[in-house]
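Structural overview
Below are the chains, spelled out letter by letter.
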Amino acid sequence: MDNAIAWILLFPLIGSIACALLGMVNRKLCYPISVLSMVAATWASVETLFQAVASPTAEVSYIFGGWVLDLFPRGVGIEFRADLLGALIALVVVGVGLIVSMYAKLPVEKETPRKEALYYPLFLLQITGLAGIALTGDAFNLYVLIEVAALTGYGLIAIGSNRAAAATFNYLILGTIGASLYLLGVGYVYIKTGTLNMVGIQEVIATNGLHDSPTMQVAFVLIGLGILIKMAFFPFHAWLPNAYSSAPTTTSCLLAPLVTKVMIYVMIRMVLTVFGVEFSFESTLWSEFMPWLVVIAIVCAAVMALAQREIKKMLAYLIVAEVGYMVGGVWIYNYYGFIGSIFHIISDACMTLCLFLATGIILRACKTTHFDGLRGLFSKMPLTMIGFFVGGFSIIGLPPTCGFFSKWYLITGGMVAERWEYMVVLMFSTMIMVVLFFRLIERIHLAVSESGEDLGKGHGDLGLTKEQTTFEEAPLSMLIPLLLAASIVMIIGIYNQEVVDQIELFLAPFNLPKGTGH
Amino acid sequence: MKWISLIPVVGVGVLLLFAAQDFPEWGDPQSPASQSPVASHFINNTGVDTEVPNMVTAVLADYRGFDTMFETVVVFIAGIAVLAILKGSGGRRRGTRRAYEVEAEPDIIVTHTVRLMVPVIQIFAFYVLAHGHVSPGGGFQGGVVMGASFILVALAWDLDHALVRMSLPRCMAIAAAGIIIYAGIGFLSMFLGGEFLDYAELEKVLPVSREMARYHAMLGVEIGVGFTVTSIMFALYANLSTEGRLKGGL
Amino acid sequence: MFEDGAIINELLIERLNYIIYVVLLLIGLHAMISKQNLIKKLIGMSIFQTAIILFYVSIAVKDNATIPIYKTEHDPHGDAAKAAVLDLNRSGEETKAFYAPVMLKPEETQQYSNPLPHVLMLTAIVVGVATLGLALALCLRIQQGYGTVEEDELLVKIERSDARYSQSPLAKAKNRRRTQSRNTRKPRTSVKSTKSIGKSAKPLESRDSTKTKKTTSKSNLSQPKKKPASTSRKPRSSSSKVEGSKPTTPKAPAKKASEKTRAPKKKGAE
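Let us look at the overall build of chain A. On a plain count of helices and strands, chain A comes out with 22 helices and two strands. By the compact-globule yardstick of 24 Å for 518 residues, chain A fits well, its C-alpha radius of gyration being 23 Å. Projected onto its principal axes, the C-alpha coordinates of chain A cover approximately 80 × 60 × 40 Å. Here the contacts in chain A between residues at least 6 apart in sequence split such that 79% fall between residues at least 24 apart. Total accessible area on chain A is roughly 15200 Å²; 66% of this is exposed by carbon and sulfur atoms. A distance of 12 Å separates the average location of the 27 positive side-chain charges in chain A from that of its 33 negative side-chain charges.

We now examine helix H10 (residues 239–246) of chain A. For H10 of chain A, the tally of buried residues reaches seven of eight residues, placing the bulk of the element in the interior. For H10 of chain A, the complete set of buried residues consists of Trp239, Leu240, Pro241, Ala243, Tyr244, Ser245 and Ser246 of chain A.

Once that is clear, we can look at the nonpolar core. One finds Leu507 of chain A together with Phe234 of chain B to be the most contacted residues of the largest nonpolar core, which totals 332 residues. Looking at which element gives the most residues to this core, the answer is helix H15 (residues 335–366) of chain A, with 19 residues.

Attention shifts here to the pairing of strand E1 (residues 59–63) of chain A. Residue and element names in this part refer to chain A. The buried fraction of E1 amounts to four of the five residues, a majority that puts the element mostly inside the structure. In this sheet, strand E2 (residues 79–83) lies alongside E1 in antiparallel orientation, the contact comprising five bridges. Paired with Tyr62 across the two strands is Phe80, which belongs to E2.

It is worth spelling out the packing of helix H6 (residues 139–158) of chain A against helix H7 (residues 162–193) of chain A at this point. Residue and element names in this part refer to chain A. At their nearest, the axes of H6 and H7 sit 10 Å apart, and the two run at 175 degrees to each other. Put simply, H6 runs roughly antiparallel to H7. Residues Ala139, Phe140, Leu142, Tyr143, Glu147, Tyr154, Ile157 and Ala158 of H6 lie in contact with H7, whose contacting residues are Ala164, Ala165, Thr168, Tyr171, Leu172, Gly175, Thr176, Ala179, Tyr182, Leu183 and Val186. Per-class residue counts for the contact of H6 with H7 are 15 nonpolar, three polar and one charged.

Below, the discussion takes up a nonpolar patch on the surface. A surface patch of nonpolar side chains, about 380 Å² in accessible area, is lined by Leu285, Phe289, Leu293 and Ile296 of chain A. In this structure, Leu293 of chain A sits in helix H13 (residues 286–306).

Moving on: the packing of aromatic side chains. Throughout the structure, instances matching the rule amount to 47 aromatic pairs over all chains. Ring centres 5.4 Å apart and planes at 70 degrees place the aromatic pair Phe220 of chain A and Trp286 of chain A in the edge-to-face group. With Phe220 of chain A in helix H9 (residues 214–230) and Trp286 of chain A in helix H13, the pair connects residues that are 66 residues apart, well separated along the chain. In this structure Trp286 of chain A comes out as buried when scored by relative accessible area, which is 10%. Here the aromatic residues Trp7, Phe11, Tyr62, Phe64 and Phe80 of chain A together with Phe66, Phe70, Phe187, Phe191 and Phe196 of chain B are joined through ring pairs into a cluster of three or more. Note that Lys514 of chain A overlies the ring of Tyr335 of chain A, its terminal NZ or CZ placed 4.4 Å from the centroid.

As a further point, take the interface of chain C and chain B. When the parts come together, some accessible area is lost, and that loss is often what is quoted as the size of the interface. Contacts between the two partners involve 63 residues from chain C and, on the opposite side, 67 residues from chain B. Between chain C and chain B lies a buried interface of about 5900 Å² when both sides are counted; carbon and sulfur atoms form 68% of it. At the junction of chain C with chain B, the criterion picks out zero salt bridges. Taken together, the connections running from chain C to chain B amount to eight residue pairs in polar contact (both at pLDDT 80 or more). Elements with a contribution of two residues or more to the side of chain C that touches chain B: helix H1 (7–14), helix H2 (16–34), helix H3 (38–59) and helix H5 (116–146) of chain C. No other element matches H5 of chain C, which puts 18 residues into the side of chain C that touches chain B.

For the rest of this paragraph, the subject is the pattern of salt bridges. One pass over the structure, following the stated rule, counts 13 salt bridges over all chains. A salt bridge links Asp198 of chain B to Arg214 of chain B, with the nearest nitrogen and oxygen atoms 3.7 Å apart. Of this pair, Asp198 of chain B sits in the loop between helix H9 (168–191) and helix H10 (210–242) while Arg214 of chain B sits in helix H10, and the two are 16 residues apart along the sequence. Given the relative accessible area of 6%, Asp198 of chain B is considered buried. Put simply, Lys41 of chain C and Glu151 of chain C hold a salt bridge, and the shortest N to O gap is 3.5 Å. Placement of the pair is Lys41 of chain C in helix H3 and Glu151 of chain C in helix H6 (residues 151–165), with a sequence separation of 110 residues.

Let's shift gears to unusual backbone geometry. Keep in mind that most residues, glycine aside, have a negative phi and that most peptide bonds are trans. For the peptide bond that leads from Phe234 of chain A to Pro235 of chain A, omega is 5 degrees, which places it in the cis range. Mapped onto the elements of the fold, Pro235 of chain A is located in the loop between H9 and H10. The linkage connecting Pro399 of chain A with the following residue, Pro400 of chain A, adopts the cis geometry, with an omega of -5 degrees. Phi angles above zero are rare outside glycine, and Tyr333 of chain A is one such case at about 55 degrees. Along the chain, the position of Tyr333 of chain A falls in the loop between helix H14 (311–331) and H15. Backbone geometry places Asn64 of chain C, a non-glycine residue, at a positive phi of 55 degrees. Looking at Asn64 of chain C, the relative accessible area reads 79%, which means it is exposed.

Taking burial as the measure, the five residues of E2 of chain A include five buried ones, the bulk of the element. On E2 of chain A, burial covers both faces: Glu79, Arg81 and Asp83 of chain A on one face and Phe80 and Ala82 of chain A on the other are all buried.

Our focus in this paragraph is H14 of chain A. The end-to-end C-alpha distance of H14 of chain A is 31 Å, a good match for the 30 Å that 21 residues give at a rise of 1.5 Å each. Tyr333 of chain A sits one or two residues past H14 of chain A and shows a positive phi near 55 degrees.

Let us now look at the packing of H15 of chain A against helix H22 (residues 496–507) of chain A. All names here are of chain A. Taken N-terminus to C-terminus, the directions of H15 and H22 make an angle of 125 degrees; their axes are 10 Å apart at the nearest point. Our classification of the angle between H15 and H22 gives oblique. When the axes of H15 and H22 are compared, the crossing they make is right-handed. Contacts between H15 and H22 involve Tyr335, Phe338, Ile339, Ile342, Phe343 and Ile346 on the former and, on the latter, Asn496, Val499, Val500, Ile503, Glu504, Phe506 and Leu507.

What counts and how
- Residues numbered from 1 in each chain as written.
- Chains lettered and ligands numbered in written order.
- Predicted model: local features only at pLDDT ≥ 70, side-chain atom pairs only at ≥ 80, totals over all residues.
- Heavy atoms only, no water.
- Helix = DSSP H or I, 4+ residues; strand = E, 2+ residues; numbered from the N terminus.
- Rg over C-alpha atoms; globule rule 2.2 N^0.38 Å.
- Contact = heavy atoms within 4.5 Å.
- Areas by Shrake-Rupley, 256 points an atom, 1.4 Å probe, with all protein chains shown as cover.
- Lys, Arg positive; Asp, Glu negative; His and termini not counted.
- Charge placed at Lys NZ, Arg CZ, Asp CG, Glu CD.
- Buried < 20%, exposed > 50% of the residue type's maximum accessible area, 1.4 Å probe, protein only.
- Core = buried A, V, L, I, M, F, W, Y, C linked by side-chain atoms within 4.5 Å.
- Pairing = 2+ DSSP bridges.
- Axes fitted to C-alpha atoms, helices over the stretch in contact; angles between N-to-C directions.
- Parallel < 35°, antiparallel > 145°, perpendicular 65-115°, else oblique.
- Nonpolar A, V, L, I, M, F, W, Y, C, P; charged D, E, K, R; others polar.
- Patch = residues over 30% accessible without salt bridge, like charges linked within 9 Å, V, L, I, M, F, W, Y side chains within 5 Å.
- Salt bridge = Lys/Arg side-chain N within 4 Å of Asp/Glu carboxyl O.
- Phe/Tyr/Trp six-rings, centres within 6.5 Å; stacked < 30°, edge-to-face > 60°.
- Lys NZ or Arg CZ within 6 Å of the ring centre and 35° of its normal.
- Buried area = accessible area lost by both parts, 1.4 Å probe.
- Polar contact = N/O pair within 3.5 Å; in protein donor to acceptor, adjacent residues only side chain to side chain.
- Expected span 1.5 Å × (residues − 1).
- Left-handed = near helix turned anticlockwise from the far one by under 90°.

What follows is the structure, given as structure tokens:
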């Protein structure tokens with residue numbers, strides 16, 4: 001079906017309108033509609049990926065409105081270009097959306113009662129926006145889709161408590177600064193090149209020799225700044241911990257794995273496709289000092305994660321550290337760094353999903369995510385804890401989970417490009433993450449509280465009631481998505497070579513250096 | 001604190017002024033943006049492709065119609081998100097009335113004037129919407145004027161008066177209907193064989209030529225946009241002025 | 001100093017509009033970052049977005065060009081477009097239209113300004129309005145929840161509620177016990193502390209037979225920490241207090257079940 005690429009966005013759009021209308025009549029209808037539309041969108045996304053792999057130019061190009069003219073093979077209107085990278089990221093977005101929409105039934109009922117007819121449309125529109133960002137080939141359309149994703153995000157977070165509303169305001173101010181800086185950067189690009197199509201911009205830069213133009217350099221800085229603010233790169237990360245830890249459960253399960261990763265995809269797209277490898281790496285100074293900023297970012301984020309006593313905030317700081325990995329992978333200007341960065345987008349989405357799903361189940365069962373409240377969970381909810389720790393081991397980077405392979409490529413990239421600072425900080429932060437997760441295991445097993453008191457009578461007695469240690473697993477609608485996510489983490493790890501093959505196919509025309517870049 | 005925040009602001013300013021040296025002059029007809037083939041195509045071929053005299057509407061609703069659909073979706077999201085944030089949270093009324101709230105009777109001069117003006121405003125809104133093909137105007141502009149007419153009713157009398165005519169469930173239904181119209185025209189073109197939002201394919205169901213099919217589909221699309229914008233403007237006013245309670249207000 | 005090619009001329013006169021937009025942008029950005037009142041931040045956001053919109057619209061300007069709407073001589077439905085052969089139009093179809101509009105020549109293109117930035121800014125204005133509406137709803141919600149829209153007061157209140165919320169459950173339980181003991185402190189008539197603990201703990205045996213031995217031993221262990229009178233009162237009063245206060249909350253059945261698990265856990269921590 002040639003229109004599959006349009007259907008990836010259209011199915012959730014139809015689903016959200018249906019939820020908004022039918023939800024006013026009967027609230028229970030929203031959940032099945034959302035799951036159905038996500039299944040349909042996943043099918044369309046898989047279809048698009050196969051089309052992209054099978055096509056001779058390794059991309060699927062779809063011009064809305066049919067405005068393909070002889071003079072303009074790239075079209076006069078808006079183009080959707082699903083090359084291998086875009087198709088992969090769209091599949092990740094829609095897949096994560098499917099798993100979270102299956103999971104969403106009980107948390108949404110519990111945390112935002114009677115608001116399902118408003119929650120699910122926002123949920124589906126968020127997925128529409130994120131999938132569109134992954135697929136679009138037009139710079140201004142990207143701005144509109146970033147705003148769709150942002151506005152639905154604000155709604156999804158603030159629908160919870162008052163604390164969430166206060167955190168969302170901060171997020172809104174910073175997010176609007178980021179998106180407006182991006183818009184200004186696109187304006188600067190337009191004033192110099194006269195076109196908005198991403199590939200078209202690169203062609204104009206190449207033919208007109210705009211490499212040294214101060215406008216284009218400043219445009220690059222502005223677009224880069226805007227995207228860095230939206231992806232919560234240190235020091236612009238201030239909005240992320242509060243927003244994601246005070247959001248409702250389903251919202252944080254959807255936003256945390258996806259939003260920052262899709263913004264990293266946008267950065268890769270800008271660097272490779274819009275501005276071109278020559279401009280980004282050789283005409284600007286970014287590749288000199290960005291790895292040092294990345295080092296500071298990862299160290300600060302990991303240390304702040306270490307200081308937390310609550311799972312959700314700890315995971316939020318871990319997200320900031322992972323963003324640092326991926327940004328560093330791009331800016332060390334190396335083939336393996338790029339492979340590592342792109343593979344890390346995919347694997348980080350899955351493992352963050354795993355962790356947040358499990359945290360939601362823990363919150364529902366124990367009413368708290370503080371470390372002290374977790375004692376005895378291994379006997380109470382073993383399957384959930386297996387899911388949680390598969391995600392945790394993937395973040396640490398233990399084989400055969402996918403986190404191991406992405407870290408492998410990133411470290412290889414750092415070594416080959418002789419960026420020793422990046423390599424050292426990767427290993428350092430891996431140690432910190434080992435401490436984080438094994439400390440959690442210890443807390444769950446041992447009888448010491450956070451403030452150092454002794455609990456129980458010693459010899460492993462945790463002072464828990466019988467009820468707290470009997471097996472009472474999470475409800476199926478929350479458990480099955482978690483186990484699915486954990487198995488995907490393992491499967492991507494085991495079959496990583498297939499994914500890396502596609503990534504290498506995508507990166508081949510860019511001629512990135514495989515040896516020492518600088 | 002305020003002086004520290006001047007540093008990044010001045011930094012951004014210096015950056016932007018550094019870029020300004022390379023800009024084309026004000027109004028330069030040889031600037032890359034004005035010379036670009038895409039813009040020239042829009043100016044030259046709008047009449048031939050779509051037979052619509054207003055190039056801006058043609059670009060908005062036809063060449064870049066996908067952007068406009070998402071713009072409409074953004075308006076819809078704003079309405080739903082405001083409802084989601086404010087619903088059910090303003091329930092508790094501490095005491096009777098806060099210090100700044102007063103009871104006011106609708107004034108007789110205002111109500112009589114508004115009673116005469118509102119029908120005219122609404123007809124003007126329809127005119128702006130439909131005439132957007134030929135003069136500046138279109139769906140967004142017409143929708144806002146129409147929404148403003150409802151807000152005027154709410155201001156002159158009280159909010160209940162306007163809610164009787166345009167209740168919130170009806171607002172949401174009309175907003176959803178607007179997006180259904182927009183996406184529906186797109187789907188129809190897709191099912192008739194073209195891409196999504198390829199209006200020319202509609203000539204197979206309408207008895208007009210390809211270009212006039214685009215013309216009429218653009219009008220349909222603008223009507224959809226107008227529906228959504230009208231209802232969401234009024235819903236935003238109703239929710240924001242009453243903190244979600246829909247009682248009292250301005 | 002003001003001749004063509006000098007910096008002052010280039011920057012100030014020929015490109016004056018860009019300087020003005022930059023100044024507006026900086027005013028908006030400064031307001032967003034440094035103002036304490038949330039509504040003033042939103043006004044700054046509006047100014048910031050307006051500056052960007054003005055910048056884009058200024059890209060579209062051409063000297064001696066009119067608005068991007070066809071003049072009468074180029075109007076696709078005007079007299080000039082009536083083709084010599086009335087029945088054919090661009091698709092080459094039979095007469096369904098009576099007009100055959102013609103493509104403009106390049107010199108005629110110069111008469112119209114560029115329509116594309118106008119279109120982009122229509123979208124940007126609408127997006128800005130939507131963001132502003134959402135932000136105002138958030139301000140209302142913050143005002144309802146915290147009673148203030150000043151950022152410094154808001155931060156203080158949020159820190160306080162954060163400290164309360166993110167306390168460890170053990171600390172929460174301890175605080176609850178402490179406040180309850182303060183509430184239910186009866187006159188110290190029966191200070192036969194240590195021996196009566198075992199007896200006062202006995203009513204608990206019916207509730208949880210497996211844990212009673214632990215509770216008595218634990219209350220002995222932690223006795224030096226607490227005053228004797230309060231320890232002797234606490235097992236009975238706190239549990240009755242707990243049971244008594246819970247039915248007032250709407251989620252009574254769920255709370256009772258969790259309270260049952262929490263009460264022995266409190267004993268465990270004691």
